[in-house]
Amino acid sequence: PAFTLTGTVAVNALGPTDPIAANNTAARTVTVTPIGLDLSVGKTKTPALVAEGATLTTTINIASAAGGVQAAAGTNTVTDVLDPAFETYASSSGTNWICSATTLPAASQTVTCTYNATLNGGSNAPALIITTTAVEAGTATNSASVAYSGTPGDYNPANNGPVSRSTVTTAVSN
């Protein structure tokens, strides 16, 4: 984040007596803006209650905070880690987003999405929509994070995730 520097200069106190002592100091305040950008991630998952075999929709939002002096022209990558015991990847969509899913290791399924456009400071990427299928009764919890590969980088990685959301999946009896 931006920070402020304040400096004070004083006239040499060992010199001759100054008849106007009130003008012997000066101060200057400068605001320093960090080089780079500040990406953050937000996530929602709907519906809150779903039947086995039904569709879950995860919406991931990436923002680049105002104040940085560089647009995010490097690669912006979102990683969403699913628990395949409760949900499996079906599809993804979003303007300028390209996604793929891996199933190894068997304990998790990772959806990796790359945003293929410049993300200017103070703006949001188009929403990334990841669709999954509920496969078992229980609580499906997964977490997403964002990473930036450009130079000089993200000066505040603390808000890049992971962020988690849960949906309860119930069995439907016949």
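Here the residue numbers are simple positions, counted from 1 along each chain's written sequence. Local features in a predicted model are, by the rule used here, given only for residues with pLDDT of at least 70; side-chain atom pairs are given and counted only at 80 or more, and totals for whole chains, interfaces and linings are based on all residues. Side-chain numbers come from the whole structure's heavy atoms, not from hydrogens or water.

1. What to know about the overall build of the protein chain
Line of reasoning, step 1. Helix and strand assignments follow DSSP, with helices taken as H or I runs no shorter than four residues and strands as E runs no shorter than two, numbered in order from the N terminus. Per the secondary structure count, the protein chain includes 0 helices and 13 strands.
Line of reasoning, step 2. Reading the protein chain from its N end, one meets helices and strands in the order β-β-β-β-β-β-β-β-β-β-β-β-β.
Line of reasoning, step 3. Contact between two residues is taken to exist if any of their heavy atoms lie within 4.5 Å; hydrogens are not considered. Restricting the contact set of the protein chain to residue pairs at least 6 apart, pairs at least 24 apart contribute 73%.
Line of reasoning, step 4. Carbon and sulfur atoms provide 57% of the accessible area of the protein chain, an area that totals close to 9300 Å². To measure how exposed things are, a 1.4 Å probe is used in the Shrake-Rupley method; for residues, cover is taken only from the protein chains shown.

2. Describing the nonpolar core
Line of reasoning, step 1. In this structure, L39, I60, I62, V78, W97, C113 and L128 are the most contacted members of the largest nonpolar core, which totals 19 residues.
Line of reasoning, step 2. Sorting the residues of this core by element identifies β3 (39-46), β5 (55-64), β6 (76-82), β9 (109-115), β11 (128-134) and β12 (138-148) as the ones contributing at least two each.
Line of reasoning, step 3. Excluding residues within four positions of it along the chain, V78 makes contact with I60, I62, W97, V111, T112, C113, L128, S145 and V146. Residues enter a nonpolar core if they are buried and are Ala, Val, Leu, Ile, Met, Phe, Trp, Tyr or Cys, with the set joined through side-chain atoms within 4.5 Å. Only protein chains enter the calculation, and the probe is 1.4 Å; a residue is then buried if its accessible area is under 20% of its type maximum, exposed if over 50%, and partly exposed in between.

3. Side note on the pattern of salt bridges
Any two side chains of opposite charge can pair, given that their charged atoms come close.
Line of reasoning, step 1. Salt bridges are counted wherever a side-chain nitrogen of Lys or Arg sits within 4 Å of a carboxyl oxygen of Asp or Glu. In the structure shown here, the tally under the stated rule is 2 salt bridges.
Line of reasoning, step 2. D80 serves as the salt-bridge partner of K43, at 2.7 Å between the closest nitrogen and oxygen. On the criterion of sequence distance, the pair formed by K43 in strand β3 and D80 in strand β6 is long-range, its members being 37 residues apart.
Line of reasoning, step 3. The exposure class assigned to K43 is buried, which follows from its relative accessible area of 4%.

4. Here we look at the side chain of N76
Line of reasoning, step 1. Looking at where N76 falls in the secondary structure, it is placed in strand β6.
Line of reasoning, step 2. Judged by relative accessible area, N76 falls into the buried class, the value being 1%.
Line of reasoning, step 3. Filtering out sequence-adjacent residues up to four positions away, N76 remains in contact with L39, W97, C113, T114, Y115, A117, L119, A147 and Y148.

5. Description of unusual backbone geometry
Line of reasoning, step 1. T46 connects to P47 through a cis peptide bond whose omega is -10°.
Line of reasoning, step 2. Considering the arrangement of structural elements, one finds P47 in the loop between β3 and β4 (49-51).
Line of reasoning, step 3. The phi dihedral of N96 is positive, around 70°, even though this residue is not glycine.

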